[in-house]
Amino acid sequence: MIDGQSSATQHTPLAKVDFSHETVLLYETVDAVLGKTSSKKQSKKPLDSSAKVSGIFVDATFGRGGHSKLLLESLSEDGQLFVFDKDPEAIAVAEEIAKSDNRVKVVHDSFANMTHCLNQHGVSQVNGIMADLGVSSPQLDDGSRGFSFMREGAIDMRMDTSRGISVGQWLQTVDEEDLANVLYDFGEERHSRRIARAIKQMEGYTSTLELAEVIKQAHPKWQKGKHPATQSFQAMRIFINNELGDIDSFLQQSLTLLAPQGHLAVISFHSLEDRRIKQFLQRHSRGQYPEDENLPMPPVRPRYFNKPTRIAPTKAEVSVNNRSRSAWLRVATRTNTPYNTDPIELHI
């Protein structure tokens, strides 16, 4: 993990945790959410207090805290950082940080519930929101979590192991057609029906390696350098955690939560995620909506974000962290336009 040392209000060293995780697009994301120009050659010396940023910020997907810890270095003593995560193991790490830094507020919940949770803390607007979507390295590397088709474990795949049903439990009851639709819709798996048929012929669903092998045997054509179970595992994980629905809700909430000139920075790792973020920012930065395209006189819609930018990891980062190779960071700044739930203004 590429961790910055927190300039905590109480300067207690952070406890080490037994996880290996390289934070993707670390400096680029934190600089973006703070509205700074990104520079990886930052000084290791503590920032002067006058150069630190005040305000309220959100890390919507805390993970193991790489982005949060670096952001805390630039956050003033009167600033606040709300960290969200569905994973109890991630929350345990966040709570250790909060013990020694009273700027950190920990929320064990999905970022889909961001507005409600922040309102409970008396917060209605924030100055920046960052999110690192998808599954984290510790989740993949821990076979018992069931995310990996390369490690033995129960077929779980839940981000939040304290609630909901596992993928294994779901596979016992789902019918073949619905399973095939999930594999196609959430994994873009072209051979979804053939794979679904093979999965439903299994006697039980207790082993990730057994499930991966069944998918491998059923897959008629493998892409070079890519395990044949990749898309199917991705699809089942996304479905069981309602990841795309949560992303849609999260993005919509950013319209009302971000203060004027507040910054949004979101990292995605596959096309289903990135497409949603791209289209959301295009709509709300251009004021152009698909449903308006065929109208003879399209309505004038407000622009809630300035022109977004897309940032890729450097070749140097990819060389040391292969998992960053598919990452995209999309960044946008909220305009001063108040959000209107009925924004259409017709041309006259």
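Whatever comes next refers back to the structure up there.
Residues numbered from 1 in each chain as written. Predicted model: local features only at pLDDT ≥ 70, side-chain atom pairs only at ≥ 80, totals over all residues. Heavy atoms only, no water.

Asker: I'd like a rundown of the overall build of the protein, residues and numbers included.
Answerer: Each helix and strand in the protein was counted, giving 13 helices and seven strands. Here the protein holds 348 residues, and 50% of them are scored as buried. Once local pairs closer than 6 in sequence are excluded, the contacts in the protein between residues at least 24 apart make up 68%. For the protein, the exposed surface amounts to about 17300 Å²; the carbon and sulfur share of it is 49%. (Helix = DSSP H or I, 4+ residues; strand = E, 2+ residues; numbered from the N terminus. Buried < 20%, exposed > 50% of the residue type's maximum accessible area, 1.4 Å probe, protein only. Contact = heavy atoms within 4.5 Å. Areas by Shrake-Rupley, 256 points an atom, 1.4 Å probe, with all protein chains shown as cover.)

Asker: Outline the packing of helix H7 (residues 176–187) against helix H10 (residues 230–240), listing residues and values.
Answerer: Viewed as axis vectors pointing N to C, H7 and H10 meet at an angle of 95 degrees, and their least axial separation amounts to 8 Å. Taken together, H7 and H10 sit at an angle that is classed as roughly perpendicular. Residues Val 182, Leu 183, Phe 186 and Gly 187 of H7 form the contact with H10, whose own contacting residues are Gln 231, Ser 232, Gln 234, Ala 235, Met 236, Ile 238 and Phe 239. By residue class, the composition of the contact of H7 with H10 is seven nonpolar, four polar and no charged. (Axes fitted to C-alpha atoms, helices over the stretch in contact; angles between N-to-C directions. Parallel < 35°, antiparallel > 145°, perpendicular 65-115°, else oblique. Nonpolar A, V, L, I, M, F, W, Y, C, P; charged D, E, K, R; others polar.)

Asker: Outline the nonpolar core, listing residues and values.
Answerer: Residues Val 58, Leu 118, Ile 129, Phe 250, Leu 264 and Phe 305 are the most contacted members of the largest nonpolar core, which totals 32 residues. Secondary-structure elements contributing two or more residues to this core are strand E1 (56–59), strand E2 (80–85), helix H4 (114–120), strand E4 (126–132), helix H11 (243–257), strand E5 (258–268) and helix H12 (271–286). The leading source of residues in this core is H11, at six residues. Each residue touching Phe 305, except ones within four places of it in the same chain, is listed here: Ser 254, Leu 255, Leu 258, Leu 264, Phe 280, Leu 281, His 284, Ser 285, Ala 332, Thr 333, Arg 334 and Thr 335. (Core = buried A, V, L, I, M, F, W, Y, C linked by side-chain atoms within 4.5 Å.)

Asker: Kindly report on the pairing of E1, identifying the contributing residues and their values.
Answerer: Consecutive residues of a regular strand have side chains that alternate between opposite faces of the sheet. The alternating pattern of E1 places Ile 56 and Val 58 on one face and Phe 57 and Asp 59 on the opposite face, and all of these are buried. Note that E1 and E2 share four bridges and pair parallel. Considered in E2, the bridge of Phe 57 is made with Leu 81. Direction of pairing for E1 relative to E4: parallel, over a ladder of three bridges. When the bridges of E4 are listed, Val 58 appears paired with Ile 129. (Pairing = 2+ DSSP bridges.)

Asker: Which residues make up the pattern of salt bridges, and what values go with them?
Answerer: For the structure shown, the criterion picks out 15 salt bridges. For Glu 89, the salt bridge is made with Arg 64, and the minimal N-O distance between the two is 3.5 Å. One end of the pair, Glu 89, is in helix H3 (residues 88–100); the other, Arg 64, is in the loop between E1 and helix H2 (66–74), with 25 residues separating them in the sequence. Taking the relative accessible area as the measure of exposure, Glu 89 reaches 30% and is therefore partly exposed. For Arg 64, a relative accessible area of 2% corresponds to the buried category. Here Asp 160 makes a salt bridge to Arg 163, at a shortest N to O gap of 2.7 Å. Judged by relative accessible area, Asp 160 falls into the buried class, the value being 7%. Looking at Arg 163, the relative accessible area reads 46%, which means it is partly exposed. Linked by salt bridges that have partners in common, Arg 64, Asp 87, Glu 89 and Arg 145 make up one network. (Salt bridge = Lys/Arg side-chain N within 4 Å of Asp/Glu carboxyl O.)

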